[in-house]
Amino acid sequence: MGFARIFRREQLTNYLKSDQHFAKTMTAKDLMSLGIGAVIGTGIFILPGTIAAQYSGPGIVLSFLIAAIVCSTAAMCYAEFASVLPIAGSAYSYGNLVFGEIIGWVLGWALILEYVLAVAAVANAFGAYFKSFLAGFHLIIPAAIAGPYDPAHGTYGNLVAIAVVILISWLLNHGMRESMRINNAIVIVKIAIIILFVVVGIFYVRPSNWQPFAPYGAHGILRGASTVFFAYLGFDVVSASAAEVKNPRRNMPIGIIGTLIVATILYMMVAIVLTGMVHYTRLNVSDPVAFALTLVHQNWTSGIISLGALAGMFTMMVTMIYSSSRLIYSIGRDGLLPKFLGRIDERTQTPRNSLAVITVVIALLGGFVPLAQLTNLVNIGTLVAFLFVSFGILRLRHLPDMPHNSGFKVPGYPVLPIISGLLCFYMMLQLPAETWIASSIWFAIGLVIYFSYGLRHSRLNDQTD
């Protein structure tokens with residue numbers, strides 16, 4: 001009984017009953033906006049240049065395409081889960097339903113790592129970017145409040161990072177309809193700025209810059225694909241919103257797969273124009289898009305690109321803070337974390353308690369802790385979730401208590417989910433050893449919490465085994 005107890009599975013009816021208090025206001029357009037907000041960040045202004053210079057040359061276009069195809073295998077698995085199981089909690093809840101509580105907890109713990117570190121790191125970067133943006137208008141933010149807590153170097157906290165996290169939390173606290181309007185508007189601005197770069201830059205393209213197309217050969221293009229793969233991570237956060245979506249069986253797959261398609265087109269457009277404007281050997285700089293525009297004397301556009309980068313970071317934080325609050329709500333709902341986290345506010349129909357807790361944690365990390373060395377942990381947290389969601393499709397289809405023959409279905413079953421799982425495992429093996437060591441410590445802490453608190457307070461204890 002002891003071993004079997006940790007593999008007890010939740011019942012879908014319990015989740016549907018708990019999550020019915022959410023307001024169902026989100027459309028397919030809102031979901032794509034959420035997904036694009038998470039996937040397209042500052043990376044679109046950096047990666048096409050630096051990866052072209054180091055690995056792929058102009059063949060970076062194919063690197064983005066290959067990475068998107070690899071990501072699409074996991075995206076389709078997420079789309080089936082989100083379509084069939086319209087519940088909050090994303091991979092955490094899916095794991096609980098198809099594998100059992102212990103696997104659900106591990107996936108939830110992996111996603112907490114992904115969401116919290118990702119937002120804290122971006123909040124940190126937002127503060128630095130915002131400081132340099134204001135400096136262009138001769139407005140100076142004092143160094144003492146513009147960096148992590150490091151008295152030896154005269155910095156005591158990143159006030160902008162803390163303020164932007166609190167602002168986003170305030171927006172989300174006022175309900176999803178209002179938050180989505182603001183998020184959608186900023187996503188449109190962000191896409192418009194990317195298209196502006198493409199339209200302006202295309203007049204300065206010289207086809208000779210695309211020669212040689214693959215200077216490092218097929219190996220270089222594949223190496224570039226494995227590096228830019230992580231630029232697509234974030235579409236999975238769309239599935240966290242399933243309980244708040246109108247007609248989830250139709251809209252969830254559109255939101256998840258549509259996000260990936262739009263992101264791929266935008267990445268490839270920027271890569272084509274950028275490597276056409278400037279020879280790839282000159283693009284190994286920290287701001288290749290701004291560098292290219294400066295070279296062709298389009299300095300005004302370079303300033304707008306900085307605004308696009310800020311918009312990219314803002315929407316990414318909106319999506320991730322939103323998703324992490326729903327994740328913490330889901331774990332609290334199941335009793336594996338304190339149950340006050342699993343309550344829905346009746347007035348705003350949002351999980352205010354979980355949002356408040358996650359806001360404090362992210363604001364403290366983003367405002368006071370240097371996070372540069374921890375970003376690879378975001379990738380491993382995501383890939384663990386992808387791995388289990390991919391193989392979870394095989395189990396989902398064979399469980400008699402799960403819904404069947406409705407909603408989106410992964411094509412090429414069972415081959416494609418198996419390929420997806422194996423590809424995710426391969427990508428995990430590409431991460432450095434220190435990432436594996438740090439993540440092992442994180443998961444060990446998670447298991448201690450589960451066995452000392454979660455197992456004893458699980459709401460499954462109240463049900464007959």
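The shown structure was predicted, so the numbers you read here are calculated from the model rather than taken from an experiment.

Caption draft 1: Expanded view of the overall build of the protein. The helix and strand tally for the protein stands at 17 helices and two strands. For 465 residues, the compact-globule estimate of 2.2 N^0.38 gives 23 Å, and the protein sits close to it at 22 Å. By its C-alpha atoms, the protein is 70 × 50 × 40 Å across when sized along the principal axes. Sequence-distant contacts in the protein: of pairs separated by 6 or more residues, those separated by 24 or more amount to 83%. Put simply, the protein shows about 18,400 Å² of open surface, and 68% of that area lies on carbon and sulfur atoms. Counting 27 positive and 18 negative side-chain charges, the protein places the centres of these two groups 5 Å from one another.

Caption draft 2: Looking closely at the layout of surface pockets. Approximately 320 Å³ is the volume attributed to the second largest pocket. Lining the second largest pocket are 15 residues; nearest its centre among them are L222, R223, A225, S226 and Y426. Only α5 (60-84), α10 (217-228) and α16 (415-429) provide two or more residues apiece to the lining of the second largest pocket. Looking at which element gives the most residues to the lining of the second largest pocket, the answer is α10, with six residues. The residue makeup of the lining of the second largest pocket, split by class, is ten nonpolar, four polar and one charged.

Caption draft 3: Here's a closer look at the environment of E244. By the secondary structure assignment, E244 is in the loop between α10 and α11 (248-277). Remark: the alpha-carbon pair of E244 and Q11, spanning 233 residues in sequence, is separated by 19 Å. Look past the residues within four positions of E244 in its chain and what remains in contact with it is F22, A23, K24, T25, M26, M176, Y322 and R326. Separated by 3.0 Å, the side chains of E244 and Y322 make a polar contact.

Caption draft 4: Focus on empty space enclosed by the protein. For the coordinates displayed, the defined rule picks out one cavity of 30 Å³ or more. The computed volume of the largest cavity comes to approximately 40 Å³. Around the largest cavity, the lining residues are I168, L171, L172, S179, I182, N183, F314 and V318. Those elements giving two or more residues to the lining of the largest cavity turn out to be α8 (159-173), α9 (176-201) and α13 (299-333).

Caption draft 5: Broad picture of the packing of aromatic side chains. Taken as a whole and judged by the stated rule, the model has 16 aromatic pairs. The interplanar angle of 20 degrees and the centroid separation of 5.4 Å between the aromatic rings of W105 and W109 together place this pair among those described as stacked. Taken as a pair, W105 and W109 lie in helix α7 (residues 101-135) at a separation of four residues, close to a single helical turn. For the ring pair Y216 and Y280, a centre distance of 6.3 Å and an interplane angle of 80 degrees mean the geometry is edge-to-face. Placement of Y216 in the loop between α9 and α10 and of Y280 in the loop between α11 and α12 (288-295) is noted, with a sequence separation of 64 residues between them. Chaining the aromatic ring pairs together yields one cluster made of W105, W109, W442, Y450 and F451.

Caption draft 6: Quick peek at the pattern of salt bridges. Evaluation of the coordinates by the stated rule reveals nine salt bridges. Among the salt bridges present, the one from D401 reaches R9, with a minimum N-O distance of 3.2 Å. Placement of D401 in the loop between α15 (375-396) and α16 and of R9 in the loop between α1 (2-5) and α2 (12-19) is noted, with a sequence separation of 392 residues between them. Owing to a relative accessible area of 32%, D401 belongs among the partly exposed residues under this scheme. The exposure class of R9 is partly exposed, given its relative accessible area of 22%.

Thresholds applied
Residues numbered from 1 in each chain as written. Predicted model: local features only at pLDDT ≥ 70, side-chain atom pairs only at ≥ 80, totals over all residues. Heavy atoms only, no water. Helix = DSSP H or I, 4+ residues; strand = E, 2+ residues; numbered from the N terminus. Rg over C-alpha atoms; globule rule 2.2 N^0.38 Å. Contact = heavy atoms within 4.5 Å. Areas by Shrake-Rupley, 256 points an atom, 1.4 Å probe, with all protein chains shown as cover. Lys, Arg positive; Asp, Glu negative; His and termini not counted. Charge placed at Lys NZ, Arg CZ, Asp CG, Glu CD. 1 Å grid on protein atoms, 1.4 Å probe; cavity = no way out; pocket = protein on both sides within 12 Å on 5 of 7 lines; lining within 4 Å. Points joined across faces, edges and corners; volume = space filled by probe spheres on them. Nonpolar A, V, L, I, M, F, W, Y, C, P; charged D, E, K, R; others polar. Polar contact = N/O pair within 3.5 Å; in protein donor to acceptor, adjacent residues only side chain to side chain. Phe/Tyr/Trp six-rings, centres within 6.5 Å; stacked < 30°, edge-to-face > 60°. Salt bridge = Lys/Arg side-chain N within 4 Å of Asp/Glu carboxyl O. Buried < 20%, exposed > 50% of the residue type's maximum accessible area, 1.4 Å probe, protein only.

All quantities given are derived from atomic positions and should not be read as evidence of function.
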